[in-house]
Amino acid sequence: MGNRMVIALGGNAIQLGNGSTAAEQREACYHTAEQLVSIIRNGYEIVLAHGNGPQVGNIILQNQISQCEKLPAMPLDTCGAMSQGMIGYWLQSALYEVFKQQGIEKETVTILTQVQVDKEDQAFQNPTKPIGSFYTKEEADKLQEEKGYTMVEDAGRGFRRVVASPKPINIIEKNVINSLLNQQVVVVATGGGGIPVTICGSHLEGVEAVIDKDFASEKLAELVDAETLLILTAVEKVAINYGKDNEQWLSELSVEEAEEYIKEKHFAPGSMLPKIEAAITFAKSKPGRKVIITSLDKANVAVEGRTGTVISA
Ligand code: ADP
Ligand code: MG
């Protein structure tokens, strides 16, 4: 088995600023492909995981706006599948072009990925992840009553639906992902954290929930036996006292230090915290495994060990 790496792409790898047209997002994906090509050229077997927040938000909105008897709105798991297909298409197309330009004989394929969650996950008792559009109090009450949605007020901007964010426990398509990696194919997988499913006998039941993409990428990295989980986000390094006068950027972080800093609340929930938690889990899962957190444009330099924050046991 070669040198395997799971690269988790953050929001800015697919959407630059607020550009939400297909052309704008394809351009962002093309830029991402250009940033990643030298890592791919260096012989790593690569899986690309990515977020889908803004994209799935728009798909949900489009479904809502146009819904009528003949055009029913699709449920969240199906919207998630649509976003995986759409973003996977953009990434495949971008990598195809960059590989051709640079004479690299590689292929990319997107795997529609279902991620198993536990029906009994405590997260289902306490939905926290806001999705879709904003509503007035009256609209929110109506949705709560008619559809059974959990609606909460979102930072004074109105009411939003919240869904559970359960932990990933297995990846249904892991074997096919592994065989594609053995064939040196670049695989796009677990987009948007994967489509959450529960197993009911022979049936996979799609769940209206959202799996955190950092946790899903971590699970994927374990299941393909990767050595490195590269988390690409909007910052070059992880900091303690982030945004304060005594801010300190970290080059290396041990699992013990990371656990200590979590207790001291250095990492914002919903943004840096899940990355650090994922990093701790991966670093602890097997000797030699490490996580690099850096920005997209520093990805190459970080893989060479010259920047980013490395988390290891
Ligand atoms: P992504 O789409 O890559 O998951 P997020 O916005 O969810 O991006 O998470 C990355 C953000 O986390 C950074 O842009 C930064 O603003 C924020 N952040 C919060 N706490 C920290 C910290 N301690 N060190 C660095 N960045 C932090
Ligand atoms: Mg995030």
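Our subject is the structure that appears above.
Now for a look at the structure at hand. The residue count restarts for each chain, going from 1 along the sequence in the order it is written. Numbering of ligands from 1 and lettering of chains from A proceed in the order in which they are written. Whole-chain, interface and lining totals are the exception, using all residues; otherwise, since this is a predicted model, local features are given only for residues with pLDDT of at least 70 and side-chain atom pairs are given and counted only at 80 or more. Note that the side-chain values use all heavy atoms of the structure and ignore hydrogens as well as water.

A few words on the overall build of the protein. Secondary structure counts use DSSP, requiring at least four H or I residues in a row for a helix and at least two E residues in a row for a strand, with both numbered from the N terminus. Check the secondary structure of the protein and you find nine helices and 17 strands. Atoms counted for the radius of gyration: C-alpha only. Globule rule: 2.2 Å times residue count to the power 0.38. Relative to the 2.2 N^0.38 estimate, which gives 20 Å for 313 residues, the radius of gyration of the protein is 19 Å and therefore close to what a compact globule would have. Oriented by its inertia axes, the alpha-carbon framework of the protein measures out at about 55 × 45 × 40 Å. The 313 residues of the protein split such that 50% are buried. Think of it in three bands: with a 1.4 Å probe and only protein chains considered, a residue is buried below 20% of the maximum accessible area for its type, exposed above 50%, and partly exposed in between.

We now examine the packing of aromatic side chains. Within 6.5 Å between ring centres, the rings of Phe, Tyr and Trp (the latter by its six-membered ring) count as paired, and their orientation is classed by plane angle as stacked under 30 degrees, edge-to-face over 60, tilted in between. According to the stated counting rule, one finds one aromatic pair in the structure shown. Centre to centre, the rings of Y242 and W249 are 6.1 Å apart; their planes meet at 80°, and the pair counts as edge-to-face. Residue classification places Y242 among the exposed positions, given a relative accessible area of 52%. For a lysine, the NZ atom is tested; for an arginine, the CZ atom; a charge sits over a ring if that atom is within 6 Å of the ring centre and within 35 degrees of the ring normal. Here the basic side chain of R160 rests over the ring of F134, its NZ or CZ set 4.7 Å away from the ring centre. In this structure, R161 is placed above the aromatic ring of Y149, and the distance from its NZ or CZ to the ring centre is 3.7 Å.

Once that is clear, we can look at unusual backbone geometry. Even without being glycine, T190 reaches a positive phi, approximately 50°. Looking at where T190 falls in the secondary structure, it is placed in the loop between β9 (186-188) and β10 (195-200). With a relative accessible area of 1%, T190 lands in the buried category. Despite not being glycine, D225 has its phi angle at roughly 55°, a positive value. Position of D225 among the secondary structure elements: in the loop between α6 (213-223) and β12 (228-233). Residue classification places D225 among the partly exposed positions, given a relative accessible area of 28%.

Moving on, we come to the environment of E256. Mapping E256 onto the fold places it in helix α7 (residues 255-263). Since its relative accessible area comes to 54%, E256 is described here as exposed.

Here we take up the state of the cysteines. Counting rule for disulfides: a pair of cysteine sulfur atoms within 2.5 Å. One pass over the structure, following the stated rule, counts zero disulfides. For C79, which is in no disulfide, the shortest distance to another cysteine sulfur is to C68 and amounts to 15 Å. Using a relative accessible area of 1% as the deciding quantity, one classes C79 as buried.

A separate point is the sheet that holds strand β5 (residues 129-135). For two strands to count as paired, DSSP must find a minimum of two bridges between them. With antiparallel pairing, three strands are arranged side by side in an open sheet as β5-β7-β6. Each having just a single partner strand, β5 and β6 (150-153) make up the two edges of the open sheet. On average, adjacent strands in this sheet sit at an angle of 40° to one another, irrespective of strand direction. As paired elements, β5 and strand β7 (residues 159-163) share four bridges and run antiparallel to each other. Bridge assignment links Y135 to a residue of β7, and that residue is F159. To get an axis, fit a line to the C-alpha atoms, keeping to the stretch in contact for a helix; angles then go from 0 to 180 degrees between the N-to-C directions.

Throughout, near means a residue has at least one heavy atom within 4 Å of the molecule or strand. The environment of ligand 1 is made up of 17 residues, and the closest members are K213, T233, A239, Y242 and K275. Distance and chemistry together define a polar contact, namely a pair of N or O atoms within 3.5 Å, with one atom able to donate a hydrogen and the other to accept it when in protein, and with adjacent residues in sequence counting only for side-chain atoms on both sides. Within the side chain of K213, an N or O atom sits 2.8 Å from an oxygen atom of ligand 1. At 2.7 Å, a backbone N or O of A239 approaches a nitrogen atom of ligand 1. Each accessible area is a Shrake-Rupley estimate made with a 1.4 Å probe; only the visible protein chains count as cover when residues are assessed. Burial of ligand 1 by the protein chains amounts to 78% of its free accessible area of 570 Å². Among the elements of the structure, β13 (238-240) and α8 (272-285) are those that each provide at least two residues to the shell around ligand 1. When its residues are assigned to classes, the shell around ligand 1 shows eight nonpolar, six polar and three charged. Gly counts as polar in this scheme, as do all residues outside two lists: the nonpolar Ala, Val, Leu, Ile, Met, Phe, Trp, Tyr, Cys and Pro, and the charged Asp, Glu, Lys and Arg.

A few words on the sheet that holds β12. Ordered by their spatial adjacency, eight strands build an open sheet running β3-β9-β2-β1-β12-β16-β17-β15, and the pairing between neighbours is mixed. Of all strands in the sheet, those bounded by a partner on one side alone are β3 (108-110) and β15 (252-254). Recorded for the sheet is a direction-independent mean angle of 20° between the axes of neighbouring strands. By the bridge criterion, five bridges tie strand β1 (residues 4-9) to β12 in an arrangement that is parallel. Looking at the pairing, L9 lines up with L232 of β12. Seen against the sheet, helix α3 (residues 76-101) touches β1, β2 (45-50), β3 and β9 and runs at an angle of roughly 180° to β3. Whether two residues touch is decided by their heavy atoms; if any such pair falls within 4.5 Å, the residues are in contact.

Mapped onto the elements, Q122 comes out in the loop between β4 (114-116) and β5. When its relative accessible area of 60% is taken as the criterion, Q122 is described as exposed. For Q122 and I293, which are 171 residues apart along the polypeptide, the C-alpha to C-alpha distance reads 28 Å.

Turning our eyes to something else, we now look at the pattern of salt bridges. The term salt bridge refers to a pairing of a side-chain nitrogen on Lys or Arg with a carboxyl oxygen on Asp or Glu at a separation within 4 Å. Evaluation of the coordinates by the stated rule reveals 13 salt bridges. With a closest N to O distance of 3.2 Å, D214 and K275 form a salt bridge. On the criterion of sequence distance, the pair formed by D214 in helix α6 and K275 in helix α8 is long-range, its members being 61 residues apart. Among the residues examined, D214 registers a relative accessible area of 3% and is labelled buried. The structure contains a network of salt bridges with shared partners spanning D154, R157 and R160.

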